[in-house]
Amino acid sequence: MPRLPRLTGAATAALALGAVTATPALPAAGKDPLVTDARVVAHLDLAAGQTPENIALDRDGSADLTFAYARQIAHVTPEGHTLVRATLPAVAHPATPLVRRTVVTGIARAHDGTLYVNYATGTSRTGIWRLSPDGGAPEQIAALPADGLPNGLALDEGRGVLYAADSVRGTVWRVPQAGGPATAWATGPALAPLPAPPARGFGANGIKVRRDAVWVSNTDRGTLLRIPVGPDGSAGPVETRADALAGIDDFTFPGHGRSVLAALNTGNKVVLVRTDGTVTPVLTAQDGLSNPTSVAVRARTVYVPSAAFTTRRDPNLLLARLRHFLGRG
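Summary of the structure given here. (Residues numbered from 1 in each chain as written. Predicted model: local features only at pLDDT ≥ 70, side-chain atom pairs only at ≥ 80, totals over all residues. Heavy atoms only, no water.)

## Some thoughts on the sheet that holds strand β12 (residues 139–143)
In plain terms, the rule: The rule for pairing is simple: two strands pair if DSSP sees at least two bridges between them. Numbering of helices and strands runs from the N terminus; a helix is a DSSP stretch of H or I covering at least four residues, while a strand is a stretch of E covering at least two. Helix axes use the C-alpha atoms of the stretch in contact, all axes being lines fitted to C-alpha atoms, and the angles between their N-to-C directions lie in the range 0 to 180 degrees.
Taken in spatial order, the four strands make up an open sheet running β9-β10-β11-β12, and their pairing is antiparallel. Pairing within the sheet leaves two strands with one partner each, and these edge strands are β9 (103–109) and β12. With direction set aside, neighbouring strand axes in the sheet form an average angle of 30°. In this sheet, strand β10 (residues 115–120) lies alongside β9 in antiparallel orientation, the contact comprising five bridges. Paired with Ala108 across the bridge in β10 is Tyr116.

## A closer look at the sheet that holds strand β5 (residues 52–57)
Strand order in this open sheet of four strands is β5-β6-β7-β8, and the pairing throughout is antiparallel. If you trace the sheet from one side to the other, it starts and ends with β5 and β8 (82–87), each paired once. Each strand of the sheet is rotated relative to its neighbour by a mean of 25°, with strand direction disregarded. Pairing of strand β6 (residues 63–67) with strand β7 (residues 72–76) involves five bridges; the strand directions are antiparallel. Residue pairing for β7: Leu65 is matched across the bridge by Ala74.

## Describing the environment of Asp250
The condition is simple: Think of it in three bands: with a 1.4 Å probe and only protein chains considered, a residue is buried below 20% of the maximum accessible area for its type, exposed above 50%, and partly exposed in between. Counting of polar contacts relies on pairs of N or O atoms within 3.5 Å, with two restrictions inside protein: one atom must be capable of donating a hydrogen and the other of accepting it, and residues adjacent in sequence are counted only when both atoms are side-chain atoms.
Mapped onto the fold, Asp250 is located in strand β21 (residues 248–252). Asp250 gets classed as buried once you look at its relative accessible area, which sits at 1%. Placed 144 residues apart in sequence, Asp250 and Gly106 show a C-alpha to C-alpha distance of 9.4 Å. A polar contact is formed between the side chain of Asp250 and the side chain of Lys208, at a distance of 3.0 Å.

## Comments concerning the pairing of strand β14 (residues 161–166)
Most of β14 sits inside the fold, with six of its six residues counted as buried. Neither face of β14 is open: one carries Val161, Tyr163 and Ala165, the other Leu162, Ala164 and Asp166, and all of them are buried. Where strand β13 (residues 150–156) meets β14, five bridges bridge the pair, whose relative direction is antiparallel. The partner of Leu153 across the bridge, within β14, is Ala164. As consecutive antiparallel partners, β13 and β14 are separated by four residues, and within that stretch Gly160 has a phi angle of approximately 70°, a positive value. Pairing geometry for β14 and strand β15 (residues 171–176), over six bridges, is antiparallel. Bridge pairing in β15 links Val161 to Pro176. Following β14, the chain reverses through four residues before pairing antiparallel with β15; Gly170 in that reversal takes a positive phi of roughly 60°.

## What about the packing of aromatic side chains?
Put simply, the rule reads: Side-chain rings of Phe, Tyr and Trp, where Trp is taken by its six-membered ring, are said to pair if the distance between their centres is within 6.5 Å; with planes under 30 degrees apart they count as stacked, over 60 as edge-to-face, and otherwise as tilted.
Counted under the stated rule, the structure contains five aromatic pairs. Ring centres 5.9 Å apart and planes at 80° place the aromatic pair Tyr119 and Trp129 in the edge-to-face group. With Tyr119 in strand β10 and Trp129 in strand β11 (residues 127–131), the pair connects residues that are 10 residues apart, well separated along the chain. Residues Tyr119 and Trp129 agree in their burial class; the two are buried. Summarising the aromatic geometry, the rings of Phe251 and Phe253 are spaced 6.2 Å apart at their centres and angled 85° between planes, so their arrangement reads as edge-to-face. Judged by its relative accessible area of 11%, Phe253 falls in the buried class.

All we've got here are geometric facts, nothing functional implied.
Structure (C-alpha cells):
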C-alpha cells in the first residue's frame, strides 16, 4: 500500500521476511539464474496516479492492477495494453491513517473473474469492494475500521472467505466472500507495526493463503509470518518463517513448496527466500524495478508491478521468465 510520497506497497514502504535470519546471498558461481529475460511491458503514468500497488492474474496471462493513488483497477494485457476497468468513488475528506488520502491496495480474483479490492479512506467507505466480471460499478461488501489501513488481500474460495491485512491496526480481518461483517481473525505484536523509530507505521502488509495457512509479511518488522488455519477456521499461533528482509512488501510462492519470491520495495529488488533462510536477489533496479510492490507467477511468467512511490521514476509492469518451479520443501 502507499505512503505519500514514500508509500509502502500492499502499503508500500515495506521492510522484510523471516523464520530464520535471512542472510542475503548471491547465486553460486556457475549456477543458472532462476529468473531471466526481464522486460518492462507497460510504462505507467506517475502524474496520473498510476502507481500499481497489487496484482491479480487471469488465465490468459493478463493482469489486473490496483492503481493506489488513482483509485482505479486497471487491466493490462501481456503485450502491455492498459485499460481502466473501474474507479472507486471519490471521498470528499479522506483521513486514511499515515497516507491521508484515498488508496486502493490489495486485489484478489475469484475463479469466475470477480475481483475484490481493499479501499482505504479514513471514512465509512473503508473496506472490501467487489467488481463483477460483467462490469458495472464497484460495490462495497464489507466495512473495515476507518482508523485502519487495509493493505494486502487474499481469497480462500474453499472456505468462502477473504482475508485483509490491516497495516495500522496489526490485524488480519476475515470477511465472508459473499460480504458481511468483518471479524478480527488474527492480532498481536507479530502483526503490529513497530512502536518506535525506525518504525514507518506499517505492520501486516502482504498476505497469501497457502494450503492450510495464511501467510503475512510485516513491513516494519521485516518478517514473513505463517498463521495456521484450524479445522474450525480459527487462527493458530503465529509462526515467524523468515526475517531481516528490509523493504518487504507483497510476495508469492513460485512452486509447490514454501520458498517465496518477495518484493523488497525500498531495496528495489525481488528476492527468492528459501526455506533455509537463504536470500537470493533475482531481479533488481537494473532490470527495471522502481519500488516493486508485489509479485505473481503464472505458467513460468513472473509479474512484478513497480509503483515508484519514492523513486518517482517509471511506475511499470515488468515480466520475466521463471526457469523452473521450486519443489516442495
